[in-house]
Amino acid sequence: MTQLYLASGSPRRRELLTQIGVPFTVVSAPIDETPLPGEAPAAYVERLAQAKAVAGFAHTDGRGVVLGADTTVVLDGQILGKPENREQALAMLGDLSKREHQVLTAVALTDGRRSVSCCVSTRVRFRTISFEQALRYWDSGEPVDKAGGYAIQGLGAVFVSAIEGSYSAVVGLPLSETAELLEQFAIPCWQLQEDAHGA
Ligand SMILES: Cc1cn([C@H]2C[C@H](O)[C@@H](COP(=O)(O)OP(=O)(O)OP(=O)(O)O)O2)c(=O)[nH]c1=O
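Residues numbered from 1 in each chain as written. Predicted model: local features only at pLDDT ≥ 70, side-chain atom pairs only at ≥ 80, totals over all residues. Heavy atoms only, no water.

Participant: Outline the UniProt feature "site: Important for substrate specificity" (unreviewed entry) in the chain, listing residues and values.
Facilitator: Look at the UniProt record and you will see "site: Important for substrate specificity" (unreviewed entry) annotated at Arg12, Thr71 and Gln153. Spatially, the listed residues are clustered: although they cover 142 residues, their C-alpha atoms lie within 14.2 Å of one another. For the largest pocket, the lining residues among the annotations just cited are Arg12, Thr71 and Gln153. Relative to the helices and strands, Arg12 is located in helix α1 (residues 11-19). Once residues lying within four places of it in the same chain are set aside, the contact partners of Arg12 are Asp145, Lys146, Gln153 and Val171. Inspection of the secondary structure puts Thr71 in strand β3 (residues 65-75). We classify Thr71 as buried; its relative accessible area is 18%. A polar atom in the side chain of Thr71 sits 2.9 Å from the side chain of Arg13. (UniProt positions renumbered as here; feature names shortened; annotations may be inferred. 1 Å grid on protein atoms, 1.4 Å probe; cavity = no way out; pocket = protein on both sides within 12 Å on 5 of 7 lines; lining within 4 Å. Helix = DSSP H or I, 4+ residues; strand = E, 2+ residues; numbered from the N terminus. Contact = heavy atoms within 4.5 Å. Buried < 20%, exposed > 50% of the residue type's maximum accessible area, 1.4 Å probe, protein only. Polar contact = N/O pair within 3.5 Å; in protein donor to acceptor, adjacent residues only side chain to side chain.)

This is how it looks when you write it as structure tokens:
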């Protein structure tokens, strides 16, 4: 069986990959996440996902497959990354209030010879967020390491009035598309533990 490596420090991505029953080993390979001048958001997330996979591959024995992913929030064509401080987080939440935005998540796989990737776009609509709510939300500690300053899987769920597309992509890894990419490297999902069904 091909060994899968997850090049990510994100606990969300670990949980999501575990959810679909794929065994993996985490490798840490931080990269520079600065957008290139004039870079389109979809090109940006796909480039970062590929860069994470390639950087992770350097930390393996060269015989496995490495998965990298990147998530960003896009509003009016602008990339909203992780807020660097309270002011940035409050500004992001204020901008997202009562509007629809896109969440882009790209996934890339490489085995050192062949690389595949995809980018998934999901539409998320927020209800009105008051300044006081944004302040309290910041104080919860949740926005700090999340693209766009919120977590749909956490307290931030109360802001989400509608979603069109992939929920798991918003959290950090589009599971249906990831399964398809894994199949291209003959890595199946649902690798049940033998003792899980009494075998
Ligand atoms: C919009 C949104 C983002 N996020 C998270 C997913 C990502 O972890 C993070 C975006 O940052 P990323 O740079 O995509 O990922 P990361 O730095 O957390 O992890 P790594 O690069 O090591 O893989 O925002 C949520 O958890 N929930 C949400 O609703």
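Participant: Explain the packing of aromatic side chains to me, using residue names and the numbers behind them.
Facilitator: According to the stated counting rule, one finds three aromatic pairs in the structure shown. Ring centres 4.7 Å apart and planes at 75° place the aromatic pair Phe126 and Tyr150 in the edge-to-face group. Taken together, the residues span a long stretch of sequence, with Phe126 in strand β6 (residues 115-126) and Tyr150 in the loop between α4 (131-139) and β7 (160-164) at a distance of 24 residues. Residues Phe126 and Tyr150 agree in their burial class; the two are buried. Here the aromatic rings of Tyr137 and Phe159 are separated by 5.1 Å at their centres, their planes lie at 85°, and the arrangement is edge-to-face. Residue Tyr137 is located in helix α4, and its partner Phe159 is located in the loop between α4 and β7; the two are separated by 22 residues in the primary sequence. Residues Tyr137 and Phe159 agree in their burial class; the two are buried. (Phe/Tyr/Trp six-rings, centres within 6.5 Å; stacked < 30°, edge-to-face > 60°.)

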